[in-house]
Structures are given as structure tokens and as C-alpha cells.
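Summary of structural features
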Amino acid sequence: MSLCIIIIHKIQSDKLFLLKLSYMVDIFHQINEVNLLLQGKQSTIIDASEKLSSFCKKIDLWLVHINSGTFSMFSTFDFYSTSECVTVDCNTKELIKDHLLSMKEHFRHYFPSTFNHTMKNFIKDPFNSSAFDIPNANIAVQEQFIDLISDSSNKIIFECSSIFNFWCKMFSQYPLISKLVLKIILPFSTTYECESGFSSLLTIKSKNRNRLNVEHDLRCALSKTTPQFDKLVSQKQHHPSH
């Protein structure tokens, strides 16, 4: 019997190890779910902050249930412990709790809660906010915000636009308040855009096209604007028939 088979057999017989492994399966699944929620071209730093805040609150909820001996939130862990009749001892509980607390602090270190509740409200729901919700704003900004929310046509635009598109549309008429908001929501919230760019680059500039200048092609691949094909075609001369 080879050493590899002996090791595999020993691991399979170690129920405590497999119990811990089943917990890791569940927690990586939860992290992957959060990662998918953070992706997307329209995701703002406020959206990312809220998603991570939600995940940290779930960790707090899980800790309460773990203290009471409930593990139903970790389906693989719960199934294995029940089906194999493995008792979750105090050491395993403490190990899981320490890992969850460490992970929570890790997320808060890299994604601190920068935005208070009122700041997020006036950006995401301006028509149910007041001028006093704008932090560190002078009177001119507050007055312009009042003008914006008092115009009923702006509310119609808000209801049929994304947050980012709405504030971009408001920039020409209300530059002071729009500039303040765009400074907050414009920065990239995650590395999704960068990773998407590298993925597009690898697709366009292959081994067989290694001398290709990808500047214009990459711009088209990453652009969020739908090309006006009819206009582009109308500006070109049709190839005459021979």
C-alpha cells in the first residue's frame, strides 16, 4: 500500500478533521456568494460597503447560534455531524468562533465603514432626505440640493435611472451637489473592472496576435456605451460595385 493511500485512509477515518473540513466548505461558499455580489459594472463603493456590512452582521448572528449549539447555517457541517454522529466539542466550537471573529475583523480592516447612515440616504434616496443630511456641506450646496428634490421631473428621472446615472444627469443643472456625490460613488469599489480589463486583453491579444496594438479594441471591449452603428455606417462611403 502506497504512502498516499495510507494518508488518504487516515484522513477519511479522522472524523474530527472531516468535520472541520466541512465547515471550511460552507464558509468558502458564503465568501464566494459575497464576492459575486460585489461584482458588476454599476456597483458603487456604497453598495460594496452595504454588502460587507450585511455579511459582518450575519457573522454576529452565526456566533449567537453557535453558542446555543445550532449549526444549521452551515449545511455541510450540520449534515456531516448529524449523519456521522459526530459531537461538536467545545474546542471545535471555539475554533469556529475564533475564525469567524478573525474574518470579521479582517473585512472591517480592509473595508472600513466609511459612510454613515444619513450620507448613504441622501445619495441613494435623495427625495426622502433633507439638506441637513449632507455632511460638511455649505449653504450653497444645501440650497442646490433643495432645488433638486423640489423638482418633480427629477424624481421621475430618479425612479427610472441607476444611482450613478441619475447623479451624472443632474451634474449640468446642479453641479455643486452632484460633484459632491460623484466624488463618493465614482471610485472603483473593487478590482472587478481591473480584472475584467485583463481578461479582455488576454482574449484580444492572443499568442497569434502578439504584435497587435489593442488600445482601440480594448476601449471598445470595456466601454459601457452602446455603439451607434447606424451613425457610424452613415459616415462611411459604401464600397462601389465593379
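As shown above, the structure is provided for reference.
A few points on the structure.

What counts as what
Residues numbered from 1 in each chain as written. Predicted model: local features only at pLDDT ≥ 70, side-chain atom pairs only at ≥ 80, totals over all residues. Heavy atoms only, no water. Phe/Tyr/Trp six-rings, centres within 6.5 Å; stacked < 30°, edge-to-face > 60°. Helix = DSSP H or I, 4+ residues; strand = E, 2+ residues; numbered from the N terminus. Buried < 20%, exposed > 50% of the residue type's maximum accessible area, 1.4 Å probe, protein only. Salt bridge = Lys/Arg side-chain N within 4 Å of Asp/Glu carboxyl O. Contact = heavy atoms within 4.5 Å.

Attention shifts here to the packing of aromatic side chains. Evaluation of the coordinates by the stated rule reveals 10 aromatic pairs. Ring centres 5.4 Å apart and planes at 65 degrees place the aromatic pair Trp62 and Phe74 in the edge-to-face group. With Trp62 in helix α3 (residues 45-67) and Phe74 in the loop between α3 and α4 (75-83), this pair connects stretches of sequence that are 12 residues apart. Taken individually, Trp62 and Phe74 each receive the classification buried, so the pair is uniform in this respect. Three or more aromatic residues link up through ring pairs in this structure, and these residues are Tyr23, Phe55, Trp62, Phe74 and Phe107.

All chains considered together, the criterion is met by five salt bridges. The partner of Asp60 in a salt bridge is Lys104, with the nearest N and O atoms 2.4 Å apart. Here Asp60 is found in helix α3, whereas its partner Lys104 is found in helix α5 (residues 90-110), with 44 residues between them in sequence. Classification of Asp60 by relative accessible area gives partly exposed; the value is 29%. Using a relative accessible area of 9% as the deciding quantity, one classes Lys104 as buried.

Here we come to the side chain of Thr92. When you line up the elements, Thr92 lands in helix α5. Those residues in contact with Thr92 that sit more than four places away from it in its chain are Leu16, Leu19 and Lys20.

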